[in-house]
Amino acid sequence: MAKPKLYKNVVQEDTLDLFGGGTTEVEPATVPKPALETIGKEADPPVPPATPKGNGNAKARRGGSKPRKGSAEEQAKKQREISISEFFTKNRHLLGFDNPIKSLLTTIKEAVDNSLDACEEAGVLPSLRVEAHQTAENRFKVIVQDNGPGIVRAQIPKIFGKLLYGSKFHNLKQSRGQQGIGISAAGMYGQLTTGKPVRIISRIGPRAQAHLYEVKINTSKNEPIVSRDEIVDWDVDHGTRVEINLEASYKRGRRSIDDYLELTAVANPHLELFYIEPGGDEIHYPRVSDELPHEAKSIKPHPYGVELGILMSMLDKSKARNIRSFLQDEFARVGPGIADSIIGNAMLKPTLRPKRATRDQVEQLLKGIAETKIMNPPTNCLSPIGADELEAGLAKVVDAEFYTSISRKPSVYRGNPFLVEAALAWNVQGQKADDLAVLHRFANRVPLQYQQGACAISKSVINTAWKNYGLSQSRGALPAGSLVIVVHIASAWVPFTSESKEAVASYPEVLKQIKLALQDCGRQLGIYIRKGKRLAEARKKADYIKSYIPYIGEALREILELSEGKEKEIIETLTDTLERSRKF
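As the structure is a computational prediction, the values presented were derived from the model and not from experiment.

## Quick look at the overall build of the protein
Part 1: Helix and strand counts for the protein come out as 15 helices and 16 strands.
Part 2: In the protein, the share of contacts with a sequence separation of at least 24, taken over all contacts with a separation of at least 6, comes to 71%.
Part 3: Accessible surface, the protein as shown: approximately 32000 Å² in total, 51% of it carbon and sulfur.

## Re empty space enclosed by the protein
Sizing a probe to match a water molecule and rolling it over the atoms shows the empty space that remains.
Part 1: Per the stated rule, a full pass over the model turns up six cavities of 30 Å³ or more.
Part 2: Size it by volume and the largest cavity reaches roughly 110 Å³.
Part 3: Along its surface, the largest cavity is lined by 13 residues, and L105, T106, K109, Y450 and E502 are the ones closest to its centre.
Part 4: Mapped onto the lining of the largest cavity, the elements with two or more residues apiece are α4 (100–121) and β13 (446–448).
Part 5: A total of four residues in the lining of the largest cavity trace back to one element, the largest contributor, which is α4.
Part 6: Looking at side-chain class alone, the lining of the largest cavity contains six nonpolar, three polar and four charged residues.
Part 7: Taken together, domain 2 (100–285) and domain 4 (387–529) each give at least three residues to the lining of the largest cavity, which thus spans both.

## A word on the pattern of salt bridges
Part 1: Applying the stated criterion across every chain yields a total of 26 salt bridges.
Part 2: A salt bridge links K501 to E110; the shortest N-O distance between them is 4.0 Å. Placement of K501 in the loop between β16 (483–491) and α14 (508–560) and of E110 in helix α4 is noted, with a sequence separation of 391 residues between them. By the burial criterion, K501 is buried, and E110 matches it.

## Some points on helix α12 (residues 387–397)
Part 1: Listing the buried residues of α12 in full gives A387, L390, G393 and L394. Taken around the axis of α12, the buried residues stretch over an arc of 130°, which confines them to a single face.

## Describing unusual backbone geometry
Part 1: If you check the backbone angles, R414 has positive phi at about 50° while not being a glycine.
Part 2: Position of R414 relative to the elements: it lies in the loop between β10 (411–413) and β11 (416–428).
Part 3: R414 gets classed as partly exposed once you look at its relative accessible area, which sits at 43%.
Part 4: Phi angles above zero are rare outside glycine, and N427 is one such case at about 60°.
Part 5: Mapped onto the elements, N427 comes out in strand β11.

## Section: the side chain of S318
Part 1: In this fold, S318 is placed in the loop between α8 (308–317) and α9 (323–330).
Part 2: With residues up to four places along the chain from it excluded, the contact list for S318 reads F326, E330, P354 and K355.

About the thresholds
Residues numbered from 1 in each chain as written. Predicted model: local features only at pLDDT ≥ 70, side-chain atom pairs only at ≥ 80, totals over all residues. Heavy atoms only, no water. Helix = DSSP H or I, 4+ residues; strand = E, 2+ residues; numbered from the N terminus. Contact = heavy atoms within 4.5 Å. Areas by Shrake-Rupley, 256 points an atom, 1.4 Å probe, with all protein chains shown as cover. 1 Å grid on protein atoms, 1.4 Å probe; cavity = no way out; pocket = protein on both sides within 12 Å on 5 of 7 lines; lining within 4 Å. Points joined across faces, edges and corners; volume = space filled by probe spheres on them. Nonpolar A, V, L, I, M, F, W, Y, C, P; charged D, E, K, R; others polar. Domains from an automatic or database assignment. Salt bridge = Lys/Arg side-chain N within 4 Å of Asp/Glu carboxyl O. Buried < 20%, exposed > 50% of the residue type's maximum accessible area, 1.4 Å probe, protein only. Arc of directions from axis to C-beta.

By themselves these figures say nothing about function.
What follows is the structure in structure tokens.
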């Protein structure tokens with residue numbers, strides 16, 4: 001029996017002071033000793049007023065009294081280390097948990113991203129089940145289950161109960177996650193707002209036992225707290241199931257979890273997705289491709305992307321015996337010849353030991369890198385969707401008259417390879433001709449739902465001259481028309497503007513490649529629109545002529561004194577000729 005629907009609401013931000021506060025004690029003023037009597041005076045002089053502590057008198061300067069409040073000593077007593085968990089507890093908006101609606105979306109997004117990455121790394125076609133159940137007026141339970149390789153038992157508490165813990169930060173290759181914050185932050189938000197732990201069930205193979213964990217985060221130490229650890233029966237061969245209770249609110253439409261999951265199906269045509277919405281209805285997105293994406297390989301950093309401080313740190317940690325070996329071992333696209341060119345341009349000795357390099361020598365080495373022509377980094381670290389697959393994914397959720405797509409060649413920003421893909425759907429069902437175009441942004445196959453105005457993708461779309469392709473466009477706005485625009489950036493390190501990964505930074509190289517991809521698609525759309533206009537004009541002329549054919553037949557019958565049968569034959573001949581001439 002379906003549960004009754006609860007009213008949707010917008011949850012107010014929790015104003016509870018999680019860390020407590022303190023009180024300030026006021027100490028009494030110090031009363032100085034009475035002054036010496038003055039000889040020749042009839043009366044004692046008045047006692048001077050009390051001097052506050054630390055007000056500059058000689059005794060205070062000699063250190064005879066306690067340090068005044070606000071002094072260096074008092075401030076030192078208050079200073080302590082802050083854990084990353086404690087920081088993000090107070091600044092959770094930086095991770096995408098700044099309002100109840102967005103918090104529900106962010107929680108599901110982080111869990112889905114982890115599941116897709118795990119499946120693809122294991123070579124498994126992903127099949128995900130996502131559930132969002134409303135348990136109270138402002139409470140939800142989110143469940144995400146995958147058919148991935150599972151998680152080793154010892155790693156489960158750290159993955160879900162420790163921020164900045166993961167395997168992706170130091171691997172330079174395309175992946176949805178980058179920082180090791182997402183899923184543990186979602187669990188931390190659920191813990192803060194409901195007090196409940198994250199519940200995880202995972203199994204690494206059909207012969208292995210399934211383990212159930214319930215995990216919280218010790219925010220002051222950024223360490224997991226395991227409240228439950230046991231073996232359970234679970235009727236799946238391998239995979240992971242995550243349950244998070246949180247304070248949230250649900251809405252439909254743009255920037256909703258429904259919209260996010262639909263777009264995830266577009267960017268991942270190899271994904272099969274089952275989604276149970278808060279109302280209880282189940283939506284199924286079948287996979288349209290049985291091929292896994294190209295496997296992204298981890299690469300070494302490119303010399304052009306390194307900065308002085310990072311280079312100094314790399315040299316200090318290096319085990320290479322000389323600077324020449326260091327350059328070849330630590331960087332991509334640096335062989336013996338390139339290494340010699342860099343050292344020559346830097347005017348350094350090839351036998352220089354990395355650990356003994358001074359700051360000035362490191363700066364010379366950095367200048368030598370900049371003066372050396374080095375091939376772009378390898379692009380096997382990328383796993384693009386592909387033009388055909390992107391178009392097929394778009395057609396799966398958008399019913400339109402015309403589709404086009406493009407996947408551009410890889411480029412580089414700050415030594416990091418990236419690639420831009422774009423697709424258009426024209427004359428979309430249910431979208432009016434005078435509406436603004438709908439823009440969908442993706443980064444490493446993940447839909448970007450918020451901060452559209454701050455994103456390099458949006459800026460590139462707005463700055464493209466869509467009027468050249470037959471569309472109308474107001475200054476500083478998206479083009480108008482029954483149009484859907486999709487842009488995807490695949491990169492070994494996406495330059496997001498914040499930790500919440502909602503907008504792409506406006507690097508000139510990134511802006512250029514997005515604009516070129518949009519222009520490629522725009523030209524194809526322009527050709528189709530102009531051809532459609534020509535066809536419409538031809539049809540209009542043909543229909544105009546067709547309306548006069550009966551009168552022509554009647555006039556010929558009267559002039560040539562033909563029979564009615566002959567008149568009918570002439571009309572059929574003229575109509576057939578007109579129909580054949582309009583077949584372009």
